[in-house]
Amino acid sequence: MVDRHEDILAAEHEIYYPPPEVVEKAYIKDYDAVREKALADIEAFWAERAQELDWFEPWEKVLDDSNAPFYKWFVGAKTNIVHNALDRHINTWRKNKIALIWEGEPGDQRSYSYYRLWQEVNKFANVLRSLGVKKGDTVTIYMGRVPELPIAMLATAKIGAIHSVVYGGFSEQALADRIHDAQSRVLITADGAWLRGKTVNLKDIADEAVHRSPVVEHMVVVKRTGQQVNMEQGRDYWYHELMSLPIASPHCETEVMDAEDPLFILYTSGTTGKPKGVLHTHGGYQVYTSTTLKWVFDIKDDDRWWCAADPGWITGHSYIVYAPLILGATSFMYEGAPNYPYPDRWWRMVEKYGITILYTAPTAIRGLMRFGDAWPKRHDLSSLRLLGSVGEPINPEAWRWYYRVIGKEKCPIMDTWWQTETGGFMITPVPSYPLKPGSATKPFPGIDAEIVDEEGDPVKPNEDGYLVIKKPWPGMARTVWGDPDRYVKQYWERYKEKGYYLTGDSARKDEDGYFWIIGRIDDVIKVSGYRLGTAEIESALVSHPAVAEAAVIGIPDELKGNVIWAYVILKQGVEGSDKLVDELKQHVRHETGPITVPAKIFFVDSLPKTRSGKIMRRVLKARALGKDVGDTSTLAD
Ligand code: PRX
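To start, this report covers the structure provided alongside it.

What counts, and at which threshold
Per-chain numbering applies: the sequence of each chain, read as written, is numbered from 1 onward. The model is predicted, so local features are restricted to residues of pLDDT at least 70 and side-chain atom pairs to those at 80 or more, both for listing and for counting; the totals for chains, interfaces and linings are taken over all residues. Heavy atoms throughout the structure, all of them, feed into the side-chain values; hydrogens and water do not. To sort residues, take the accessible area from a 1.4 Å probe on protein chains only and compare it with the maximum for the residue type: under 20% means buried, over 50% means exposed, and anything in between is partly exposed. Runs of H or I in DSSP of at least four residues are treated as helices and runs of E of at least two as strands, each being numbered from the N terminus. Here the rule is simple: two strands pair whenever DSSP picks up at least two bridges between them. A contact between two residues is defined here by any heavy atoms of the two lying within 4.5 Å.

### Observations regarding the pairing of strand S11 (residues 218–222)
Reasoning step 1: For S11, the tally of buried residues reaches 5 of 5 residues, placing the bulk of the element in the interior.
Reasoning step 2: By the bridge criterion, 5 bridges tie strand S8 (residues 186–190) to S11 in an arrangement that is parallel. When the bridges of S11 are listed, valine 186 appears paired with histidine 218.
Reasoning step 3: Examined bridge by bridge, S11 and strand S12 (residues 236–238) share 3 bridges and lie parallel to one another. Following the sheet pairing, valine 221 is matched in S12 by tryptophan 238.

In structure tokens, the structure reads:
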């Protein structure tokens, strides 16, 4: 491995120009000019984009900023995102186009035309209605990467209910907390999920979560693995059984929604405390996600788009489910691990399905790079025309490998910076724009991003600062579910006077105006691109009977970006041992899920704290990395 810091400095002067055939095909040929024009009048710009979609009734006002930061977009308009994603295609030639191709980890395959997907969604929407789900209710969805997941999301949205998808890699307490916060009376899950040739017992986890959060009245269970599960009479129903009842008619009226009506809640980790439910709405989100996908990945009717994320995260919500369907694209979705049964599983599928655009995360790229060039070289990857990256900064070394070995130096890489809260891509190139490995390049048209100091003033080129967004955009989160104060506090209070949105990331801009994202400046840790909160993992540790107190930090890791280290104070009389380390790891896995398990656990007698009792993770981290601990004047001890 090369030195990352040195490599980034070198990459600043390494420019990759797009091949002429890419520029010729691109929707946006002069990115800078389009960006400039959009920023000059964001309302006119977004109104023009919104006109590409169907609305039951038009808006009276594009942007209402009278109650900032609670911005409203397309005020007065009536719509439903599912109308744009499915219904409207059924009256066009796209009716018979493939919407979704899916491959299961064991090798089974399914594909859905727009017509078939529409029917399945209608059927399940009717099932949900028969279970008493109404407009404005929340439905929690917890399953693996199977087609029933997008179907459940779309069916929920179709009848005006609000989905809350919990990533299938989370475990009991994490699921229970999210069900409780959303107060969902219906939970949609599966018996199990395939992962690396083994099955995960999702239904068992769901049962325990419902035991802890008993608001759930009904569970709908998709049969995926066929493993033995408990079905509680009167509460639990098999998906396939409900779908074969007469109530599951293939016709279902789409609920007419206000543009600002809630579409979904997605829980994400913030600075402190419990995960927050980020809320997105029908109108602005559909405009934002479809515009960004169309321009950044140049989606055309003959494309086969593969967003390799999980539908359980924002990347999957926006770019597996909603945006590709709105654009009438053909998507591919894969259930399992990239290296199962062999490290060429992905490349085999790129060849087999003729994937034209692959969008994934740096951690996956680094993971596959580790197996060497021979695996991808065994396959014909010539169908690819564009590549993408998201989730964390991509190190130039991985970027070059992706560009050279996967893209054969003819596929530009769209490094897209964005967040759960932003709904869609925010800082990103378009295919016609010159690239620098490791830079997400420039803000998308209509996005006013800046790097500022403590006072909110722009920093000089090449200086680090806080990444902020200075103007609202249609895909922005509207609030934190049930906690509007937290929304204000977390994102808007810091630069209140100026009205800037605080992203929680630090970044810098080089002399050419290219943005380089450095990473989180709060207590969020990115592990393999997954966004985890220190507080949730610490609570999981403290819920073990041997633990009195715990603090976790993120430590840089070549493969995963970061790994978690935990510092634990044991209760009096408890002795630390290797066995206890294993037990604590097992406990965290069980409570919050495998992705949250600390790589290392240290037993300590005390933790560095401020005089007001706040753990100074910064001090722990500096010490762990052998760095200067910096200003410790607020340290109590
Ligand atoms: O730190 C940034 C990092 O991921 C955070 C957002 O995480 P999440 O809400 O889970 O959404 C991930 C998928 C959109 C950001 O605050 N991040 C995301 N994309 C990039 C990135 N860091 C650098 N480069 C990116 N392309």
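Now that the structure has been shown, we can carry on.
### Considerations on the sheet that holds strand S14 (residues 262–268)
Consider a sheet: its strands pair through backbone hydrogen bonds, and that pairing is either parallel or antiparallel.
Reasoning step 1: The strand order S12-S11-S8-S6-S7-S14-S15-S23 describes an open sheet built from 8 strands, whose pairing is mixed. Either end of the sheet is taken by a strand with one partner, and the two such strands are S12 and strand S23 (479–480).

### Description of the side chain of serine 506
Reasoning step 1: In this structure, serine 506 sits in strand S24 (residues 501–509).
Reasoning step 2: Here serine 506 is in contact with Gly465, Ile517, Ile518, Gly519 and Ile521, once residues within four sequence places are set aside.

### Focus: the environment of alanine 566
Reasoning step 1: Tracing the chain through its elements places alanine 566 in strand S29 (residues 561–570).
Reasoning step 2: Residues in contact with alanine 566, not counting those within four places in the same chain, are Leu541, Ala551, Val552, Pro598, Lys600, Ile601 and Phe602.

### Regarding helix H4 (residues 42–50)
Reasoning step 1: All of the buried residues in H4 are Ile42, Phe45, Trp46, Ala47, Arg49 and Ala50.
Reasoning step 2: On its buried face, H4 is in contact with helix H3 (31–40), strand S1 (61–64), strand S2 (72–75) and helix H11 (282–296).

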